[in-house]
Amino acid sequence: MTHATPIATPAAPSHKVVGTVPGHARVVLYTSSCDSKIALSALTVLSDFAFRQGWTVVQEVYDLAPLDVPRYRRTGWRTVEQILTNGEDTGLVAPAEQEIAWHPGDRTALRVWLLGLPAFAAYPHAGRHGNTRLHSDFNGLTDTTPSPICAPVDRHWARSYTLRPESLRQVRTDAYTRLTLLNWTGNNAAAVEVLARLAKNAVVHAAPVDGTSAHIDVRLAVTEKDELLIDVGDPSPEFPDCAAAIRGEKGSGLWDVRRLGADVSWILSENGRGKTVRAHLLPGEVPA
């Protein structure tokens, strides 16, 4: 989409810029999120930022993908690459480099590529960008709030399990082994308990009502700052009592997770047919 060139005074350079900004910059906006509403909201913020710089926004592109999906696998990002390579636009605006290149080595490659075109990139949220999470309020309505800022993922492990009580023992066993192999420096026993409670919640509350076979997807990820991310994906898109459950008003599962030192968030899957519940743990802050 094309916008008229605004007349505006450039804002103070509090954002991060890679490359040299030309006098009359034409930019493409880009963001990536697992939720289309969040992506569109981010593009609105980026458009306002570009306006304040006096730049012309020529196109807006987004991907529906987790941030750790490599950029070469994102359809939207490949469109951005073509736009910049062909010289249609002179610059790129994205919330932060991590939105495009999650791993440090890839961020270096991204900068080299931009400078070689040449093209510039501006990141208005550099240094304070984080994921977003969905939570349920007292009325069961869904809203968006910022989740804890996580560093890029350094190493991870994932596996699917049949969504049934018999799988919970295997989830525990695998988690103990994998946390050791991932060399996380936090309290592994507490982390396993967190995962066990999330997995049990999925078994109890997310199983298809018609009795058909289903799976849960478990992922353990350690970030560059040694944070631990525990993700449990299930086939139910609903979580109407999330806030109440975290407060301990709807059973003890998520309340126990919080008492073990984890921050809890959840997000819908890309197709809207399931969700992922995430526990975020910091080393040294989980009680024994």
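Calculation rules
- Residues numbered from 1 in each chain as written.
- Predicted model: local features only at pLDDT ≥ 70, side-chain atom pairs only at ≥ 80, totals over all residues.
- Heavy atoms only, no water.
- Helix = DSSP H or I, 4+ residues; strand = E, 2+ residues; numbered from the N terminus.
- Patch = residues over 30% accessible without salt bridge, like charges linked within 9 Å, V, L, I, M, F, W, Y side chains within 5 Å.
- Areas by Shrake-Rupley, 256 points an atom, 1.4 Å probe, with all protein chains shown as cover.
- Salt bridge = Lys/Arg side-chain N within 4 Å of Asp/Glu carboxyl O.
- Buried < 20%, exposed > 50% of the residue type's maximum accessible area, 1.4 Å probe, protein only.
- Phe/Tyr/Trp six-rings, centres within 6.5 Å; stacked < 30°, edge-to-face > 60°.
- Core = buried A, V, L, I, M, F, W, Y, C linked by side-chain atoms within 4.5 Å.
- Expected span 1.5 Å × (residues − 1).
- Contact = heavy atoms within 4.5 Å.
- Pairing = 2+ DSSP bridges.
- Axes fitted to C-alpha atoms, helices over the stretch in contact; angles between N-to-C directions.
- Parallel < 35°, antiparallel > 145°, perpendicular 65-115°, else oblique.
- Left-handed = near helix turned anticlockwise from the far one by under 90°.

- In the nomenclature of an unreviewed UniProt entry, the protein is known as ATP-binding protein of Streptomyces sp. R35.

## A look at the environment of Pro237
Then, number 1: Of note, Pro237 is situated in the loop between β10 (228–234) and α6 (242–246).
Then, number 2: Distance from Pro237 to Ala206, taken between C-alpha atoms, is 8.5 Å for residues 31 residues apart in sequence.

## So, a nonpolar patch on the surface
Then, number 1: Nonpolar side chains collect at one region of the surface, where Leu40, Tyr62 and Leu64 lie side by side and expose about 240 Å² of accessible area between them.
Then, number 2: Within the fold, Leu64 resides in strand β3 (residues 56–64).
Then, number 3: By relative accessible area, which is 33% here, Leu64 ends up partly exposed.

## Things to note about the packing of aromatic side chains
Then, number 1: On inspection of all chains with the given rule, the structure shows four aromatic pairs.
Then, number 2: Taking 5.3 Å as the distance between ring centres and 70° as the angle between the ring planes, the aromatic pair formed by Tyr30 and Trp77 counts as edge-to-face. You can see Tyr30 sitting in strand β2 (residues 26–33) and its partner Trp77 sitting in helix α2 (residues 75–85), a full 47 residues away along the chain.
Then, number 3: For Tyr30, a relative accessible area of 0% corresponds to the buried category.
Then, number 4: For Trp77, a relative accessible area of 0% puts it in the buried group.
Then, number 5: Between the aromatic rings of Phe49 and Trp55, the centroid separation amounts to 5.9 Å while the plane-to-plane angle is 80°, which identifies the pairing as edge-to-face.
Then, number 6: When its relative accessible area of 7% is taken as the criterion, Trp55 is described as buried.
Then, number 7: Among the aromatic residues, those joined into a cluster by ring pairs are Tyr30, Trp77 and Trp113.

## Details of the nonpolar core
Then, number 1: Counting 35 residues, the largest nonpolar core has Val194, Leu195, Leu198, Ile216, Leu228, Ile230 and Leu281 as the members making the most contacts within it.
Then, number 2: Residue assignment for this core shows that the elements contributing at least two residues are β8 (153–162), α4 (167–182), α5 (188–205), β9 (215–223), β10, α7 (253–259), β11 (263–268) and β12 (275–281).
Then, number 3: With nine residues, α5 is the largest single contributor of residues to this core.
Then, number 4: Counting 17 residues, the second-largest nonpolar core is a separate cluster that includes Val80, Leu110, Ala119 and Tyr123.

## Examining α5
It helps to recall that an α-helix has 3.6 residues per turn; residues three or four apart then point in one direction.
Then, number 1: With 18 residues, α5 should reach 26 Å at 1.5 Å per residue; the first-to-last C-alpha distance of 26 Å fits that figure.
Then, number 2: Among all positions of α5, only Asn188, Ala190, Ala191, Val192, Val194, Leu195, Ala196, Leu198, Ala199, Ala202 and Val203 are buried.
Then, number 3: Taken together, the buried residues of α5 touch α4, β9, β10, α7 and β12.

## Side note on the sheet that holds β2
Then, number 1: The strand order across the open sheet built from five strands is β1-β5-β4-β2-β3, with neighbouring strands paired in mixed fashion. Looking along the sheet, the strands with just one partner apiece sit at the ends: β1 (16–18) and β3. Mean inter-strand twist for the sheet, computed between neighbouring axes without regard to direction, equals 20°.
Then, number 2: Examined bridge by bridge, β1 and strand β5 (residues 120–123) share three bridges and lie antiparallel to one another. For Val17, the partnering residue across the bridge sits in β5 and is Ala122.
Then, number 3: Of the strands in this sheet, β2, β3 and β4 (91–93) touch α2, which is tilted by about 150° from β3.

## Quick word on the pairing of β10
Then, number 1: The buried fraction of β10 is high, at seven of seven residues.
Then, number 2: Side chains Leu228, Ile230, Val232 and Asp234 of β10 all project onto a buried face; the interleaved residues Leu229, Asp231 and Gly233 project onto the opposite face, where all are buried too.
Then, number 3: The sheet contact formed by β9 and β10 spans six bridges and is antiparallel. Within the sheet, the bridge partner assigned to Val218 lies in β10 and is Val232.
Then, number 4: The antiparallel pairing of β9 with β10 creates a hairpin that spans four residues between the two strands, and Asp226 there sits at a positive phi of about 65°.
Then, number 5: Bridge count between β10 and β12: seven bridges; the pairing is antiparallel. Bridging from a neighbouring strand, Leu228 pairs with Leu281 of β12.

## Regarding the packing of α2 against helix α3 (residues 104–116)
Then, number 1: Where α2 meets α3, the closest approach of the two axes is 10 Å, and the angle between their N-to-C directions is 30°. Taken together, α2 and α3 sit at an angle that is classed as roughly parallel. Considering the relative orientation of α2 and α3, their crossing is left-handed. Between α2 and α3, the contacting residues are Trp77, Glu81, Leu84 and Thr85 on the first element and Leu110, Trp113 and Leu114 on the second.

## Focus: the pattern of salt bridges
Then, number 1: Applying the stated criterion to the full structure yields 14 salt bridges.
Then, number 2: Here Glu81 and Arg71 are joined by a salt bridge, their closest N and O atoms 3.6 Å apart. With Glu81 in helix α2 and Arg71 in the loop between β3 and α2, the pair connects residues that are ten residues apart, well separated along the chain.
Then, number 3: A salt bridge links Arg111 to Glu97; the shortest N-O distance between them is 2.7 Å. With a gap of 14 residues between them, Arg111 in helix α3 and Glu97 in the loop between β4 and α3 connect regions that are remote in the sequence.

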